Amino acid sequence: MKIICIGRNYVEHAHELNNPVPAEPVFFLKPETALIRSGLPFFYPDFSNEVHYEVELVLKVSKLGKHINEKFAHTYYDAIGIGIDFTARDLQSICKQKGLPWEIAKAFDGSAPVSRFIPKTEFKDIYDIEFSLEKNGETVQKGNSGMMIFNFEKIISYVSRFITLKIGDLIFTGTPAGVGAVHKNDNLKASIGEKKLLDLLVK
Ligand code: MG
């Protein structure tokens, strides 16, 4: 399986990192080794001094597809969870300055904790899904799928022009404003609506 991540999908987040609002989705990949399953901690990597959290809604792909028409894109995922796109912001800034790829800043081991998934059928309105992140008991990020620049269908359609989607692939759909640093012993809790789905310790 692979993990596909959308960047700059919320206007205020693009602005907070001084990035332009994109005309087309920006995406990058994380390998399977980036996944952290529920209950396990995140080990702070020794190669960064500035790891940021980015809370994101995550889609689980349920059907093989390539060149997926936006009209049918909703049939290619069947569950939604929440995850954190951990980013070594110090390394990413250097990559950006030098025009290099982002893998060392984005794809490292443990950079993609993901919650359990909720069947899509349990959501009243997928264009109005509230989600949030608490750090040490304080809410640090709040988002709503309705604020995304590119919605789920657009993302699936766009990505599948370049990369075949396979059953079990995960798509991180971008983070809202409020990203910030984590430190050892921090506790992160991510929720969809009132449901706390992810509880993660930084070690
Ligand atoms: Mg992200």
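Residues numbered from 1 in each chain as written. Predicted model: local features only at pLDDT ≥ 70, side-chain atom pairs only at ≥ 80, totals over all residues. Heavy atoms only, no water.

1. Here we look at unusual backbone geometry
Phase 1: In this structure, Asn-136 takes a positive phi of about 50° despite not being glycine.
Phase 2: Mapped onto the elements of the fold, Asn-136 is located in the loop between strand E10 (130-135) and strand E11 (138-144).
Phase 3: Phi at Asn-185 takes a positive value of approximately 80°, unusual for a residue other than glycine.
Phase 4: By the secondary structure assignment, Asn-185 is in the loop between strand E13 (180-181) and strand E14 (187-192). (Helix = DSSP H or I, 4+ residues; strand = E, 2+ residues; numbered from the N terminus.)

2. With respect to the sheet that holds E10
Phase 1: One open sheet holds the four strands; their spatial order is E11-E10-E14-E15, and the pairing between them is antiparallel. Sheet topology places E11 and strand E15 (195-201) at the edges, where each strand pairs with a single neighbour. Ignoring strand direction, the axes of neighbouring strands in this sheet form an average angle of 15°.
Phase 2: Examined bridge by bridge, E10 and E14 share five bridges and lie antiparallel to one another. Looking across to E14, one finds that Leu-133 is bridged to Ala-190. (Pairing = 2+ DSSP bridges. Axes fitted to C-alpha atoms, helices over the stretch in contact; angles between N-to-C directions.)

3. A short note on the environment of Asp-109
Phase 1: Considering the arrangement of structural elements, one finds Asp-109 in the loop between helix H3 (103-106) and strand E8 (112-113).
Phase 2: Distance in space between the C-alpha atoms of Asp-109 and Phe-42 is 9.2 Å, their sequence separation being 67 residues.

4. What to know about the side chain of Gln-141
Phase 1: Residue position: Gln-141 is located in strand E11.
Phase 2: A distance of 3.0 Å separates a polar side-chain atom of Gln-141 from the backbone nitrogen of Val-55.
Phase 3: Here Ala-177 takes part through its backbone oxygen, which lies 3.4 Å from a polar atom of the side chain of Gln-141.
Phase 4: Apart from residues no more than four positions distant in its own chain, Gln-141 is found in contact with Tyr-53, Glu-54, Val-55, Phe-131, Ser-132, Leu-133, Thr-175, Pro-176, Ala-177, Gly-178 and Val-179. (Polar contact = N/O pair within 3.5 Å; in protein donor to acceptor, adjacent residues only side chain to side chain. Contact = heavy atoms within 4.5 Å.)

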